[in-house]
Amino acid sequence: MKSAATSIDGASELSPGSDLSSTAPNPARIPILYVILGVLLVISIVPMYFYSAEVESINRERLKTNEQLLQNTVTRSLADDLSQHERSLRMMLANLSSAIQVASGGDIGNKNIEAPELRALLENFVSSSDELAYATLLNSEGKGKSAGRIAPDAFLQRELQHAFDAARDGRAYNGQALQVEDGKTVRTVVLVSSPVSYGGRFLGMVGAVVDLQFLIQRLQGASGGGLIPYVVDSQGRLVAAGTPQYVTGQDMKNLEIVRNFVDEGNKAQLAATKEFAVPEGRSNIEMLGTYSPVMALDWAVVVQKPQREAYRGVYEMQRTARLLALMAVLLSIGVSIFAARRITNPLQVLTESGRALARGDFSQRVHLRSRTEIGELAETFNTMSQELEQFVEDLKRAAEENRALFLGSIQMLAGAVDEKDPYTRGHSDRVTRYSLMIGKELNLDAAFMETLRISAQLHDVGKIGIEDRILKKPGALTAEEFEVMKTHTTKGANILRPVTQLAEMLPGIELHHEALDGRGYPYGLTGDQIPLLARVIAVADTFDALTTNRPYQHAHTPEEAFKIIRNLAGKRLDPQTVEALMAVYGRGEIRIQRISIKRAVAAAASDTAAEVPVPEPAPAMPAVESTNLERTRV
């Protein structure tokens, strides 16, 4: 009893002398609420931030590439149209020169120059096309006749003098773009001339003033969505534009992209895309521009677009991604605070109870349901995880849409190559289909098949850079022409090499004309040095070339084509790949469709078209001829 009493007395003596409830908390203490909140924020936001940043970066580069491809396609189309007009006009001038020589008997001196037949020829020449505004014939003494809808002013007279001087030297002449007349009838024209000679003797000059309204209309049609198209000459002066903000003859070298073209001079043979700034007031407008040279005229077609318009999809994607990220951050903060408080509340209850005990209130009880609190916290994190998963799925869906857009752009680019000639229309699609059939027969994995699909679709993209006179030549190529044709493999690889996403596809594009025996091009690889990707495309390419009509050959039947291909197996083509294609055909999975092609009749003054009938299948090519198959542009 004494011991117990001592204990009780001791306890009673501590109460009056010690007030633990009034003890201040340690000011250096870090509240556990902040610790839990910080941990939750780090583990929830940081990984999401880096992942979304990476996805955003990848998609941004793809969208930029698509915009650059679009500009390249527009400029190339306009440049090709200008080249075609120039060739047509040169042919018309040549025909006019020949007619003048016949009508004048090879003499257009001061006496014969007044002949009514010559005036009639000029009038008929001008009336043959709405694009011809004026035509003139000058003899060797500078005297002549003219016809047209305009009267030459001082500037045009000066151009005629330059053209006459060039004709004396035996040179054709392409003049500067000029504006004639004024007001609502103002026209943009350019002088084109050719010398007239007979028996090595200089007789005079024929010249035509071309109304560039057709070019202005094409440029206006290409403008829209912020795109500004225009044409400049080799000195950087404006030829024509699709918008009224530029004037014919204006010096455009203040624009960096035009200055680059002028500095390149005759070396500017390929299209180029560049980001540059255009001064406007006290600020600069960031631009994306592309130029494509028109070699025959020493001109260039230029299109430019403000980067805010060109990369609108990029910026919208960035804004959307950042907004979603901000919303996710705010949601994470709110959920984290709620969850942290739910965890720390039981500790606060325990602290208050402890202080109550220190004050001597032994009746205080702690009711702590930790299982319920932890369960609620788990449910909160489950909700957050579901929202993050949905966010990631949305990003993946956007990535798939961008991939579909990327593949569509590739197919559009391949189709542009095929459209250069009606005989090759659909060639890339067929080669892709045959290549995939071969790959399936060889049991190649899905990743390789995807690479094969894109590589086969783009295998002939380098033919964009091959001149039509070689590409469409109806017959075997000369040695010089063949050397030019062989460059289409390396040109295609060089065109696509800047696109890092296409790196795995380049071997099929660059090496599909290599031969197992080392006689292929461009590098003369042999045997296993040639990648499987290129071997598959080579067989598919050869089969389609043999079974379709070309300007230089009749279509073979599949049986004849396989006889030729079998002769090439082990020499040029991979035997295993050849057997795979033959097995696919043997099961009836390949159907060959015959097509009739309509071509324009090659007459100087005819606009009609003639039906080129599809000839009967040619007999099988002998083995010795099959070795020269490359010379016919397979």
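Residues numbered from 1 in each chain as written. Predicted model: local features only at pLDDT ≥ 70, side-chain atom pairs only at ≥ 80, totals over all residues. Heavy atoms only, no water.

Colleague: Account for the sheet that holds strand S8 (residues 272–280), naming residues and giving values.
Modeller: The five strands are arranged S7-S6-S10-S9-S8 in an open sheet whose pairing can be described as antiparallel. The sheet is open, and its two edges are formed by strand S7 (238–241) and S8, each paired on a single side. On average, adjacent strands in this sheet sit at an angle of 30° to one another, irrespective of strand direction. Across nine bridges, S8 lies against strand S9 (residues 283–294) in antiparallel orientation. Bridge pairing in S9 places proline 279 opposite asparagine 284. Relative to S9, helix H6 (residues 256–264) is tilted by about 35°, and along the sheet it contacts strand S6 (228–232), S8, S9 and strand S10 (299–306). (Pairing = 2+ DSSP bridges. Helix = DSSP H or I, 4+ residues; strand = E, 2+ residues; numbered from the N terminus. Axes fitted to C-alpha atoms, helices over the stretch in contact; angles between N-to-C directions. Contact = heavy atoms within 4.5 Å.)

Colleague: How would you sum up the environment of aspartate 80? Please name residues and give values.
Modeller: Within the secondary structure layout, aspartate 80 lies in helix H2 (residues 32–104). Taking relative accessible area as the criterion, aspartate 80 reaches 40% and is therefore assigned partly exposed. (Buried < 20%, exposed > 50% of the residue type's maximum accessible area, 1.4 Å probe, protein only.)

Colleague: So what's going on with the nonpolar core? Which residues, and what values?
Modeller: If you look at the biggest cluster of nonpolar residues, it comprises 37 residues, and the most contacted ones within it are Leu82, Leu137, Val210, Leu215, Val231 and Trp299. Elements with a minimum of two residues in this core: H2, helix H3 (116–127), strand S1 (132–139), strand S4 (187–198), strand S5 (201–211), helix H5 (213–222), S7 and S10. A total of seven residues in this core trace back to one element, the largest contributor, which is H2. Every residue in contact with valine 231, bar those within four places of it in the chain, is listed here: Leu82, Leu215, Leu219, Arg237, Leu238, Val239, Ala240, Trp299, Ala300 and Val301. (Core = buried A, V, L, I, M, F, W, Y, C linked by side-chain atoms within 4.5 Å.)

Colleague: Please set out the pairing of S7 residue by residue, giving values where relevant.
Modeller: Taken residue by residue, a regular strand's side chains alternate between the two faces of the sheet. Taken together, the three bridges between S6 and S7 define a ladder with antiparallel strand orientation. Directly across from valine 231, in S7, lies its bridge partner alanine 240. Counted between consecutive antiparallel strands, the loop separating S6 from S7 contains five residues, among which glycine 236 sits at a positive phi close to 85°.

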